[in-house]
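# Close look at the chain arrangement
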Amino acid sequence: MPKILVDADGCPVIDETIKVAKQFGLQVLLFCDTSHAIVRPDAETIIVSKGADAVDFTLVNYIRKGDIIVTQDYGLASMVLAKKGFAINQNGWEYTSENIGQLLEFRYTSQKIRRAGGRLKGPKKRQKENDEKFEKALMELCYKAIN
């Protein structure tokens, strides 16, 4: 049975993830560093020491084929896909082998702009519709993962 693993530091859809997981009888693991220590009664929390990408690498070591990962991180999503897992972001957008290359290229270009002193526009304020879209997409991904 697949699990749902959440890159929980800064994740706005933890409660929605747990809600969907309950409907499918799936275990939820929350990964965070010591500065966030996120705890929910219906999920297991894995707390990792602070450090660059420490949470990401720990999460990747837990993943098994068919598991679902909730993350905003393109790099983590690419590692998940390499291990034959499913990855989805907080807005319900699934990362796939078809779109991850373009996303990683965008991340690289954005980093270059920021290092050169440039600024990029941030995301729009989160709306209730974003949570609803995420729940629907996660349910579809759960169906895919268990079948």
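The model shown is predicted, which means the values in this text are computed figures rather than measured ones.

## Structural notes on the overall build of the protein chain
- If you tally the helices and strands in the protein chain, you get five helices and six strands.
- The buried share of the protein chain, reckoned over its 147 residues, is 44%.
- Pairs at least 24 apart in sequence give 51% of the contacts found in the protein chain among residues at least 6 apart.
- Counting every atom, the protein chain has about 8,700 Å² of accessible surface; 51% of that belongs to carbon and sulfur.

## Quick look at the side chain of glutamate 16
- Turning to its location among the elements, glutamate 16 is positioned in helix H1 (residues 14-24).
- According to the relative accessible area criterion, glutamate 16 is buried, its value standing at 16%.
- Among all residues touching glutamate 16, those that are not within four sequence positions of it are Asp131, Phe134 and Glu135.

## Thoughts on helix H2 (residues 54-62)
- Within the span of H2, buried status applies to Ala54, Val55, Asp56, Leu59 and Val60.
- Buried residues along H2 sit in contact with strand S1 (4-7), strand S2 (28-33), strand S3 (44-48), strand S4 (68-70) and helix H3 (74-82).

## A short note on the pattern of salt bridges
- Going through the model one piece at a time under the given rule, you end up with seven salt bridges.
- Note that arginine 40 and aspartate 15 form a salt bridge whose closest N and O atoms lie 2.7 Å from each other. Within this pair, whereas arginine 40 is found in the loop between S2 and S3, its partner aspartate 15 is found in helix H1, the two being separated by 25 residues in sequence.
- By relative accessible area, arginine 40 is classed as partly exposed at 26%.
- Across the pair lysine 128 and glutamate 132 runs a salt bridge whose closest N-O atoms are separated by 3.7 Å.

## Overview of the packing of aromatic side chains
- What the rule picks out here adds up to four aromatic pairs.
- With a centroid separation of 5.1 Å and 75° between ring planes, the pair formed by phenylalanine 31 and tyrosine 62 is classed as edge-to-face. With phenylalanine 31 in strand S2 and tyrosine 62 in helix H2, this pair connects stretches of sequence that are 31 residues apart.
- Phenylalanine 31 sits in the buried class, given a relative accessible area of 0%.
- When its relative accessible area of 35% is taken as the criterion, tyrosine 62 is described as partly exposed.
- Relative to tyrosine 95, the ring of tryptophan 93 lies with its centre 6.0 Å away and its plane at 80°, an arrangement referred to as edge-to-face.
- On the accessibility criterion, tryptophan 93 (40% relative accessible area) is partly exposed.
- Among the aromatic residues, those joined into a cluster by ring pairs are Tyr74, Trp93 and Tyr95.

How each quantity is defined
- Think of each chain on its own: its residues are numbered from 1, step by step along the sequence as written.
- Only residues with pLDDT of 70 or above have their local features reported here, since the model is predicted, and side-chain atom pairs are shown and tallied only from 80 upward, although totals for entire chains, interfaces and linings are computed over all residues.
- Derived side-chain values reflect all non-hydrogen atoms in the structure, with water molecules and hydrogen atoms excluded from consideration.
- Each helix is a run of DSSP H or I of at least 4 residues and each strand a run of E of at least 2, with the numbering of both proceeding from the N terminus.
- Think of it in three bands: residues with accessible area under 20% of the maximum for their type are buried, residues over 50% are exposed, and the middle band is partly exposed, with areas taken using a 1.4 Å probe on protein chains only.
- Contacts are residue-level and defined by heavy atoms, with any inter-residue pair within 4.5 Å sufficient.
- Every accessible area reported is derived by Shrake-Rupley at a probe size of 1.4 Å, with residue values counting cover from the shown protein chains alone.
- Definition used for salt bridges: Asp or Glu carboxyl oxygen within 4 Å of a side-chain nitrogen of Lys or Arg.
- Think of it this way: a Phe, Tyr or Trp ring, Trp meaning its six-membered ring, pairs with another when their centres are within 6.5 Å, and the plane angle makes it stacked under 30 degrees, edge-to-face over 60, tilted otherwise.

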